[in-house]
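# Structural overview
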Amino acid sequence: MIDSVYLVQPRIAHGPHVPCDDSLRGRRIERIARAGKQVRISLSGGWTLVVHLGMTGRLIVTAADESPAKHTHLRIAFRGEPVELRFCDPRRFGGVWLVDGNPDEAKGWIGRRIPPVAADPLRISLAQWRKLIARPRQIKALLLDQNPLSGVGNIYCDEALHRAGIHPLTRAADLSPAASRKLYHALRRVLTEAIALGGSSVSDYRNAQGAPGQFQTRHRVYGREGQPCRRCRTPIIRLVVAGRGTHICPKCQRLR
DNA sequence: CGCATTTCCTGGAGGC
DNA sequence: TGCCTCCAGGAAATGC
């Protein structure tokens, strides 16, 4: 049961309600689920605390008496339990939203809106996938856009495109049925494997216990500029696509 | 509609 | 050692 709430940096909180003693004291955490890139913490009374880690955000459970790490923006303490749930985010691209009811239908707004949550690549069929990506857009820009498809970020996008042998600038609608199917399976494999290994800790990511992920050791292109492609030994190159650093093997991922 | 650019923010890296 | 500049990126806003 939540006992006290300290919003150290109010600017990271958005939505209809502000996390504070008055709004959260006495509520219990009933369920924690992932939705796209968000962590949704369901509380008693039908409220939900939505957390987006952005790039450098962390949700950590620590001893209540441990001095807070730099850039700790939210601290939640529990009655009779010597632990705190803390949200830390040095670059503040993440955020928290406290909503009364369904986060997807929240009304009455303070600050940023909750990023969209649409179809999850791990929960759609190949037929649904084909429909969603049949658009005249760069495949990388489409995968990073959370509106048609949610949960794919820069690392897993690059990794999936390499495994499928697809250039990030390819027009999604121009992908052959075989290439589209290949990408569907490659993306699902990358996400499944990354989740199993606890994510990619390139710089900041840590899980709730403070441990880093291990998927970065399986990266085939991301962060490997100049190093040999694990399939054909050609040096990995870096370009910018959709405003993001993009890593490809120029031989395995040809345009056209 | 698509797409490039800018903005938010800080730590780490590189240059001098 | 210290100061400066640049860069990383999730997602929204802006302009074409």
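The rules behind each value
- Residues numbered from 1 in each chain as written.
- Chains lettered and ligands numbered in written order.
- Predicted model: local features only at pLDDT ≥ 70, side-chain atom pairs only at ≥ 80, totals over all residues.
- Heavy atoms only, no water.
- Domains from an automatic or database assignment.
- Buried area = accessible area lost by both parts, 1.4 Å probe.
- Salt bridge = Lys/Arg side-chain N within 4 Å of Asp/Glu carboxyl O.
- Polar contact = N/O pair within 3.5 Å; in protein donor to acceptor, adjacent residues only side chain to side chain.
- Helix = DSSP H or I, 4+ residues; strand = E, 2+ residues; numbered from the N terminus.
- Nonpolar A, V, L, I, M, F, W, Y, C, P; charged D, E, K, R; others polar.
- Near = heavy atom within 4 Å.
- Buried < 20%, exposed > 50% of the residue type's maximum accessible area, 1.4 Å probe, protein only.
- Contact = heavy atoms within 4.5 Å.
- Pairing = 2+ DSSP bridges.
- Axes fitted to C-alpha atoms, helices over the stretch in contact; angles between N-to-C directions.
- Patch = residues over 30% accessible without salt bridge, like charges linked within 9 Å, V, L, I, M, F, W, Y side chains within 5 Å.
- Areas by Shrake-Rupley, 256 points an atom, 1.4 Å probe, with all protein chains shown as cover.
- Lys, Arg positive; Asp, Glu negative; His and termini not counted.
- Charge placed at Lys NZ, Arg CZ, Asp CG, Glu CD.

Let us look at the domain arrangement of chain A. As far as domains go, chain A holds domain 1 (2–105) and domain 2 (121–248). Regarding the contact of domain 1 and domain 2, the summed buried area is about 910 Å², with carbon and sulfur atoms giving 51% of it. Considering only the side of domain 1, the residues that lose the most area to domain 2 are Arg34, Lys37 and Arg58, jointly responsible for 52% of the buried surface there. The interface formed by domain 1 and domain 2 holds zero salt bridges in total. Across the contact surface, domain 1 and domain 2 share one residue pair in polar contact (both at pLDDT 80 or more). Sorting elements by how many residues they give to the side of domain 1 that touches domain 2 places strand β6 (residues 58–63) first, with four residues. When the residues that make up the side of domain 1 that touches domain 2 are grouped by side-chain class, the tally is four nonpolar, two polar and four charged.

So, on to the protein's contact with DNA strand B. Surrounding DNA strand B, one finds Arg11, Lys70, His71, Pro90, Arg91, Arg92, Phe93, Arg135, Pro136, Arg137 and Gln138. Among the atoms of DNA strand B close to the protein, meaning within 4 Å, 76% are from sugar or phosphate groups. In this structure, a base oxygen belonging to DNA strand B sits 3.2 Å away from a side-chain N or O atom of Arg91. Taking Arg92, its side chain carries an N or O atom lying 3.1 Å from a phosphate oxygen of DNA strand B. Its residues assigned to classes, the surface near DNA strand B shows three nonpolar, two polar and six charged.

Another aspect to go through is the environment of Leu183. Mapping Leu183 onto the fold places it in helix α5 (residues 177–196). Note on Leu183: relative accessible area 0%, which makes it buried. When the C-alpha positions of Leu183 and Ala160 are compared, they lie 6.6 Å apart, and in sequence the two are 23 residues distant. Not counting residues up to four positions away in its chain, the partners in contact with Leu183 are Trp129, Ile139, Leu143, Ala160, Leu161, Ala164, Ile166 and Leu175.

Further remarks concern the sheet that holds strand β8 (residues 81–88). With antiparallel pairing, four strands are arranged side by side in an open sheet as β1-β7-β8-β6. The sheet is open, and its two edges are formed by β1 (2–7) and β6, each paired on a single side. On average, each strand axis in the sheet is inclined to that of its neighbour by 20°, with strand direction left out of account. Where β6 meets β8, six bridges bridge the pair, whose relative direction is antiparallel. Across the sheet, residue Leu59 finds its bridge partner in β8, namely Phe87.

The next subject is unusual backbone geometry. With a phi angle near 70°, His71 is a residue other than glycine that sits in the positive phi range. In this structure, Arg92 takes a positive phi of about 55° despite not being glycine. Mapping Arg92 onto the fold places it in the loop between β8 and β9 (95–100).

Moving on, we get to a positive patch on the surface. Side chains of Arg130, Arg181, Lys182, Arg220, Arg230, Arg231 and Arg233 sit close together on the surface and give a patch of like positive charge. Its place among the elements puts Arg230 in the loop between α5 and β10 (237–241).

The immediate surroundings of DNA strand C are formed by 14 residues, with His52, Met55, Arg91, Arg238 and Arg244 found nearest. When atoms of DNA strand C within 4 Å of the protein are split into backbone and base, the sugar-phosphate part holds 45%. At a separation of 2.9 Å, a phosphate oxygen of DNA strand C approaches a polar side-chain atom of Lys37. Between a phosphate oxygen of DNA strand C and a main-chain N or O atom of Gly245, the distance comes to 3.1 Å. Class assignment for the residues of the surface near DNA strand C results in five nonpolar, five polar and four charged.

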